[in-house]
Amino acid sequence: MIIVKKGVMVGSFVVVLVVGLIIWNTGGWFDTESPEAQSEPSESEMEIPDPQDYDEDDFEEAVNEVRDSLDEAVVEEVFDVQDPDQYDENDVFGAASINEDKIKFRYLVENELYDERKPVQEVKDLAQERAESVKKMFNTAEERYELTVTQEEVTDYIEENVDANVVESMEIYADALGISVEELNHSFDRDIYAQGVLLTKINRRMRAENPKQADESQRDYSERIDEIIEQEFYVN
């Protein structure tokens, strides 16, 4: 079972202590089951090992190795970093905004950081599964519950929770990518934070529609909400 944990952010190789959002992640990175949303909105653990286990050279080498293995067109798409001011605050961040190549890039970079690496095609397949799962979450939220995320909401979250909590591992990852920390948070990893905003809305809606029973413990209630969210938004 994939567990959402507190403390670290997916794909960014950073630890960001923020309050109030869930960003789903794998408990064991290469676990392929559908993710289970955490009951209480909080920050999640991302897809990679503790970034403090690696130094700047490790990240730079991993990023360069993956970048060199990709087609030029894919590299341009993955590293198409947009000026934060160019986002239209009224635009909706939906399934169409999810960049599958960027998710594959993150998985491949992480794979490079392991001593025992998985075959590249296997990593790409797992990344593809993740991308499809994320898209399903956005589509289901909008089509069944009319829950959407605007660019303004994503920007507000980043400004309030991420920009104020920049840590060294963020700077290391941004340097390896050849971008600024602001570009990392507001553009490159924007999809991650959009997922967090949406998952918070999903969690609140599911709790509103499925209230805690009088004889139900908080633990049992949390587990029930977890199950509802997993079945509704992630299980194919």
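Every chain begins its residue count from 1, and numbering advances along the sequence as written. Reporting in this predicted model follows two pLDDT cut-offs: at least 70 for local features of residues, and 80 or more for side-chain atom pairs to be given and counted; totals over whole chains, interfaces and linings ignore these cut-offs and use all residues. In computing side-chain values, all of the structure's heavy atoms are included and hydrogens and water are not.

K.L.:
I would appreciate a short explanation of the pattern of salt bridges in the present structure.
P.N.:
Oppositely charged side chains can form a pair if their charged atoms are brought close together. Note on definitions: salt bridges are taken to be side-chain nitrogens of Lys or Arg within 4 Å of carboxyl oxygens of Asp or Glu. Under the definition given, this model contains 9 salt bridges. Salt-bridge contacts for glutamate 232 lead to arginine 144; the nearest nitrogen and oxygen are separated by 2.9 Å. Taken together, the positions of glutamate 232 in helix 9 (residues 218-233) and arginine 144 in helix 4 (residues 120-145) put the pair 88 residues apart, joining distant regions of the chain. Exposure categories follow from relative accessible area, calculated using a 1.4 Å probe and restricted to protein chains: below 20% of the type maximum is buried, above 50% is exposed, and the middle band is partly exposed. By relative accessible area, arginine 144 is classed as exposed at 53%. Here lysine 201 ties to glutamate 153 by a salt bridge, and the two come within 2.8 Å at their closest N and O atoms. Taken together, the residues span a long stretch of sequence, with lysine 201 in helix 8 (residues 190-209) and glutamate 153 in helix 5 (residues 151-162) at a distance of 48 residues. Through salt bridges that share partners, Arg106, Asp189 and Asp191 make up one connected network. Under the scheme used here, helices are H or I runs from DSSP no shorter than 4 residues and strands are E runs no shorter than 2 residues, and both carry numbers assigned from the N terminus.

K.L.:
Looking at this model, I keep getting lost on the packing of aromatic side chains. Mind explaining?
P.N.:
The relative placement of two aromatic rings is captured by the distance of their centres and the angle of their planes. Stacked, tilted and edge-to-face are the three classes applied to pairs of Phe, Tyr and Trp rings, where Trp contributes its six-membered ring and a pair requires centres within 6.5 Å; stacked means planes under 30 degrees apart, edge-to-face means over 60, and tilted covers the rest. Under the criterion given, the structure shown has 8 aromatic pairs. Consider the rings of phenylalanine 93 and phenylalanine 138, whose centres lie 5.9 Å apart with planes at 45 degrees: the pair is tilted. Residue phenylalanine 93 is found in the loop between helix 2 (72-78) and helix 3 (100-112), and its partner phenylalanine 138 is found in helix 4; the two are separated by 45 residues along the sequence. Assigned by exposure class, phenylalanine 93 and phenylalanine 138 land together as buried. Ring centres of tyrosine 157 and tyrosine 193 lie 5.8 Å apart, and the angle between their planes is 50 degrees; this geometry places the pair in the tilted category. Of the two residues, tyrosine 157 is situated in helix 5 and tyrosine 193 in helix 8; the sequence distance between them amounts to 36 residues. Here tyrosine 157 and tyrosine 193 have matching classes, each one buried. Only lysine NZ and arginine CZ atoms are considered, and such an atom sits over a ring when it is within 6 Å of the ring centre and within 35 degrees of the ring normal. In this structure, lysine 102 packs its charged tip against the face of phenylalanine 188, placed 4.6 Å from the ring centre. Taking the ring centre of tyrosine 87 as reference, the NZ or CZ of arginine 190 above it sits at 3.9 Å.

So, to be careful, I would describe these as geometric facts and stop short of saying anything about function.
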